[in-house]
Amino acid sequence: MSFAPNLFLSNIKAKDGLARPARFEILLPIPTYIGEYVSNSVIEKILNLPNSTFTDLTETFNRAIGGDGFNKRQFSLSSANPAISRYLALQCESTELPGKTLQTADVKIYGPTFKVPYQTQYSDITFSFICTNDFYERKLFDQWLECIMPSDTNNLRFPKGEKSRYLTDIKIIQYDDSIKQIYASVLNDAFPIGVASQPLAWSEEGFHRVSVQFAYQRYVPVFEGTYDLGAAAAALFGTVGSKLFSFASVA
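Since we're looking at a predicted model, the values are computed, not measured.

Rules used throughout
- Residues numbered from 1 in each chain as written.
- Predicted model: local features only at pLDDT ≥ 70, side-chain atom pairs only at ≥ 80, totals over all residues.
- Heavy atoms only, no water.
- Phe/Tyr/Trp six-rings, centres within 6.5 Å; stacked < 30°, edge-to-face > 60°.
- Buried < 20%, exposed > 50% of the residue type's maximum accessible area, 1.4 Å probe, protein only.
- Lys NZ or Arg CZ within 6 Å of the ring centre and 35° of its normal.
- Pairing = 2+ DSSP bridges.
- Helix = DSSP H or I, 4+ residues; strand = E, 2+ residues; numbered from the N terminus.
- Salt bridge = Lys/Arg side-chain N within 4 Å of Asp/Glu carboxyl O.
- Axes fitted to C-alpha atoms, helices over the stretch in contact; angles between N-to-C directions.
- Left-handed = near helix turned anticlockwise from the far one by under 90°.
- Contact = heavy atoms within 4.5 Å.
- Nonpolar A, V, L, I, M, F, W, Y, C, P; charged D, E, K, R; others polar.

### Notes on the packing of aromatic side chains
Consideration 1: Across all of its chains, the model carries ten aromatic pairs by this definition.
Consideration 2: Residues phenylalanine 127 and phenylalanine 129 carry aromatic rings whose centres are separated by 6.3 Å and whose planes lie at 25 degrees to one another, so their mutual orientation is stacked.
Consideration 3: Phenylalanine 129 gets classed as buried once you look at its relative accessible area, which sits at 0%.
Consideration 4: Ring pairing ties together the aromatic residues Phe127, Phe129, Phe141, Trp144 and Phe214, which thus form one cluster.
Consideration 5: Its end group placed over the ring of tyrosine 219, lysine 100 keeps NZ or CZ at 5.6 Å from the ring centre.

The following block contains the structure:
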């Protein structure tokens, strides 16, 4: 069937190419309760202004083209520390789009058995972050786990209390090559359940990564697409150019 490759290629071209797993971003707001135990470093305080400016600019652009109403601005406003959330997004080296399974039971009425769904099960998800020299990534998630269940009392905190809410909504975004959101998953009421060990060795010349496993109540798919103006400017002009672009746009 010699026409099959041509048909495949024409179909891919009609769909604007293939989706790339490297075109992703996460939005991980830090709950206010957790943020009380985490402080900004000096560099984070300095860089928080341009990050916030870019977020405002992206929101304005998405509103103009008709966004999905669930954008970065809402996440950053719900976060106790928008700067840390932004850096976590930049340092998240790998993750996955969440999976969902229907639990079934075998039923027999007459004749052969058949399966009937009775419950939805969501798989846990893992985020891998590159660590900086001040190790704030590991400290943050260690403190988050400590806030959920303090090691000195082993008393589990109530997750939805006004002063002890440790849950957050995480958004995982898949972009196309033009940095348009083509799909996203919002993890409702997510919280860390484990921090992986980090090996140490004198022979290792690489850098640290920390893997954190999250559980969540459910995920909600988002199909409407928006453009990430900040990422687009960074891709075109580089990091320095994107910051200058943000200030020039606001001015």
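Text resumes after the structure shown.
### Describing the pairing of strand 5 (residues 125–130)
Consideration 1: Inspection of the sheet shows strand 2 (residues 92–94) paired to strand 5 by two bridges, in the antiparallel sense. Counterpart to serine 94 in the pairing with strand 5 is serine 128.
Consideration 2: Direction of pairing for strand 5 relative to strand 8 (residues 209–215): antiparallel, over a ladder of six bridges. The residue of strand 8 that forms the bridge with phenylalanine 127 is valine 212.

### With respect to the pattern of salt bridges
Consideration 1: This structure, assessed with the given rule, holds seven salt bridges.
Consideration 2: Across the salt bridge formed by aspartate 177 and arginine 23, the nearest N and O atoms sit 3.6 Å from each other. Of this pair, aspartate 177 sits in the loop between strand 6 (168–175) and strand 7 (181–195) while arginine 23 sits in the loop between helix 1 (3–14) and strand 1 (24–27), and the two are 154 residues apart along the sequence.
Consideration 3: By relative accessible area, aspartate 177 is classed as partly exposed at 41%.
Consideration 4: Arginine 209 is the partner of glutamate 93 in a salt bridge, and the nearest nitrogen-oxygen pair spans 2.4 Å. Linking glutamate 93 in strand 2 with arginine 209 in strand 8, this pair joins segments that are 116 residues apart in sequence.
Consideration 5: Look at glutamate 93 and you get partly exposed, because its relative accessible area is 34%.

### A look at the packing of helix 5 (residues 82–91) against helix 6 (residues 136–148)
Consideration 1: One can describe the packing of helix 5 onto helix 6 by two numbers: an axis separation of 12 Å at closest approach and a directional angle of 115 degrees. Classified by chirality, the crossing of helix 6 by helix 5 is left-handed. Contacts between helix 5 and helix 6 involve Ile84, Tyr87, Leu88 and Gln91 on the former and, on the latter, Tyr136, Glu137, Leu140 and Phe141.
Consideration 2: Of the residues assigned to the contact of helix 5 with helix 6, the class counts are six nonpolar, one polar and one charged.

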